[in-house]
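Results of the structural survey
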Amino acid sequence: MTSCDAPLPDTLAPDASRLTVDTAALVANWRRFARAGAAAACGAAVKADGYGLGARPIAAALVAAGCRDLLVAHWHEVAALGPQPDGVRVAVLHGVMPGDMARALASPAVPVLVTAGQVQAWKVTGRPCDVMVDTGLNRLGIDIAEARSGLLDGLAIDTLHSHLACSETPASPANEAQRAAFADIAAVVPARRRALANSAGIGLGPGWHFDLTRPGIGLYGGGASPDAHPLAPVAGIATRIIQLRDVPAGASIGYGATYTAAGPLRVAVVALGYADGYPRSLSDRGRALVDGVPCPVVGRISMDLTIIDVSAAPDLAEGDWLTMDFDLAGSAAASGRSEYELLTGLGARYARVHT
Ligand SMILES: *Cc1c(COP(=O)(O)O)cnc(C)c1O
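Please read these numbers as outputs of a predicted model, since none were measured by experiment.

Note that strand β1 (residues 18-21) and strand β20 (residues 351-354) share four bridges and pair parallel. Considered in β20, the bridge of R18 is made with A351. Two strands pair when backbone bridges link them, and β1 and strand β12 (residues 235-247) are joined in this way by four bridges, in the antiparallel orientation. Each residue of the ladder has a partner; that of T20, found in β12, is G236.

This is the structure:
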């Protein structure tokens, strides 16, 4: 019995665990954020290699669906997206750090300038840019007072951005405070567009949408839905059984002998470990799903291997594929890691299969 029958492209390592990326689900999620954002254009944060899922195919699918604004953190992430069609804008959220100028000028992407020094250095170029103002996150961005001081005069600003600190907590008064501060500064800084909302920010309501939204995690199936329906899961993990073994009652399993079999168990040792981004903190907590039947991880997850109690799935054979339960909310709760960490922590050792 195999739980993962998708043929593996032969360019990919046949023995590696598979990271499956459901492109239709990704696009469906993007369309829902786009619809929720109403008149605002809907961009996509594809930084960190598309939150670990493969920036290039993800960008291609979203652009084909109508997305015209892609956001990355670093200049090297621009090249990784591949060439973009006319009308697609790539913005680099870290701006232009010392040493980046030549690369930035040669790039089709635009910087999101985040410091006064970056603004001064970029002004000389006369080229268009985006600007990030800080309205309370106190992370990257130009302070409101600096933005009001005339620092930005003479810049050709396409999009004025700010970023929310507490969008995942809709009841937080910080959301309205940042919205109001952003509206005030946007009224005096000339820019073609204004952008404030990440995924959760879109759900706060029309007041937060402005002209462009920047969803990330929601596109990949994480965080709260912007509408009444749950987001579609996008990422899946399938791994192969290397060995099946029968463990007698009373025997311990795995490093540190942390798990002791209460009764006789049949366990599967699979080719998945924390080096693949399957968190060690899911030891004794994670699970595989065999035809919907949960099969728990037993003992410590090691670098390359995980041991799963498959007593409930007697038909499995060595070499079969197992689908791990990678429900983001559940895995985040069980592992103590955020959904963002789970996705971006997925390792480079997978054979990625975009369907
Ligand atoms: C990463 C990022 C986003 C996307 O945030 P999500 O919470 O993943 O939707 C949006 N804007 C900025 C500035 C970011 O750094």
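We are not done yet, so read on.
Right, let's get into the site of the ligand. Around the ligand there are 14 residues in total, and K47, Y51, S199, I217 and Y340 lie nearest to it. Between the ligand and the protein, one listed contact pairs an oxygen atom with a side-chain N or O atom of K47 at 2.6 Å. H163 has a polar side-chain atom sitting 3.5 Å from a nitrogen atom of the ligand. When the ligand sits alone it has 390 Å² of accessible area, and the protein chains cover 93% of it. Per-class residue counts for the shell around the ligand are seven nonpolar, four polar and three charged.

Judged by which residues are buried, strand β6 (residues 110-113) turns out to be covered on both faces: V110 and V112 on one side and P111 and L113 on the other are all buried. Where strand β5 (residues 89-92) and β6 come together, two bridges link them in parallel fashion. Bridge pairing in β6 places V92 opposite P111. At this point the chain moves from β5, through helix α5 (residues 101-106), to the parallel β6, and the crossover so formed is right-handed. Pairing of β6 with strand β7 (residues 128-134) involves two bridges; the strand directions are parallel. For L113, the partnering residue across the bridge sits in β7 and is V131. In this fold, β6 hands off to helix α6 (residues 116-123), which returns the chain to β7; that crossover is right-handed.

The way to describe two aromatic rings as a pair is by their centre distance and the angle between their planes. Within the structure shown, the criterion is met by three aromatic pairs. Their ring planes at 25 degrees and their centres at 4.7 Å tell us that Y51 and Y220 sit as a pair that is stacked. Taken as a pair, Y51 in helix α2 (residues 47-51) and Y220 in the loop between β11 (212-213) and β12 lie far apart in primary sequence, 169 residues in all. By the burial criterion, Y51 is buried, and Y220 matches it. Seen from their ring centres, F182 and F210 are 4.9 Å apart, and the 80 degrees between their planes marks the pair as edge-to-face. Here F182 is found in helix α8 (residues 173-188), whereas its partner F210 is found in the loop between α9 (199-202) and β11, with 28 residues between them in sequence.

A few words on the pattern of salt bridges. Scanning the entire structure with this criterion turns up 14 salt bridges. The salt bridge partner of D69 is R89, with a shortest N-O separation of 3.9 Å. Remark: R89 occurs in strand β5 and D69 occurs in strand β4 (residues 69-72); sequence separation between them is 20 residues. We classify D69 as buried; its relative accessible area is 6%. One salt-bridge network, in which partners are shared between bridges, spans D69, R89, D130, D158, R192 and R193.

Okay, the confidence of the model for the chain next. When pLDDT is averaged across the chain, the result is 95; 96% of the residues are at 70 or more. Note on residues 1-5: pLDDT is under 50 here. Beyond four places in sequence and across chains, it has 14 contacts.

This part covers the nonpolar core. If you look at soluble globular proteins, the nonpolar side chains tend to sit buried side by side. Residues L53, L70, V131 and L343 are the most contacted members of the largest nonpolar core, which totals 90 residues. Per-element accounting of this core gives the leading share, seven residues, to helix α3 (residues 55-65). Residue assignment places this core across two domains, with domain 1 (23-220) and domain 2 (233-354) each supplying three or more. Beyond its immediate sequence surroundings of up to four residues, L343 is in contact with Y51, G52, L53, I217, Y220, A235, F326 and L328. Counting eight residues, the second largest nonpolar core, distinct from the first, contains V247, I253, A261 and I307.

So, how was this worked out
Residues numbered from 1 in each chain as written. Predicted model: local features only at pLDDT ≥ 70, side-chain atom pairs only at ≥ 80, totals over all residues. Heavy atoms only, no water. Pairing = 2+ DSSP bridges. Helix = DSSP H or I, 4+ residues; strand = E, 2+ residues; numbered from the N terminus. Near = heavy atom within 4 Å. Polar contact = N/O pair within 3.5 Å; in protein donor to acceptor, adjacent residues only side chain to side chain. Areas by Shrake-Rupley, 256 points an atom, 1.4 Å probe, with all protein chains shown as cover. Nonpolar A, V, L, I, M, F, W, Y, C, P; charged D, E, K, R; others polar. Buried < 20%, exposed > 50% of the residue type's maximum accessible area, 1.4 Å probe, protein only. Right-handed = clockwise from strand over helix to strand, strands pointing away. Phe/Tyr/Trp six-rings, centres within 6.5 Å; stacked < 30°, edge-to-face > 60°. Salt bridge = Lys/Arg side-chain N within 4 Å of Asp/Glu carboxyl O. pLDDT = per-residue confidence, 0-100. Contact = heavy atoms within 4.5 Å. Core = buried A, V, L, I, M, F, W, Y, C linked by side-chain atoms within 4.5 Å. Domains from an automatic or database assignment.

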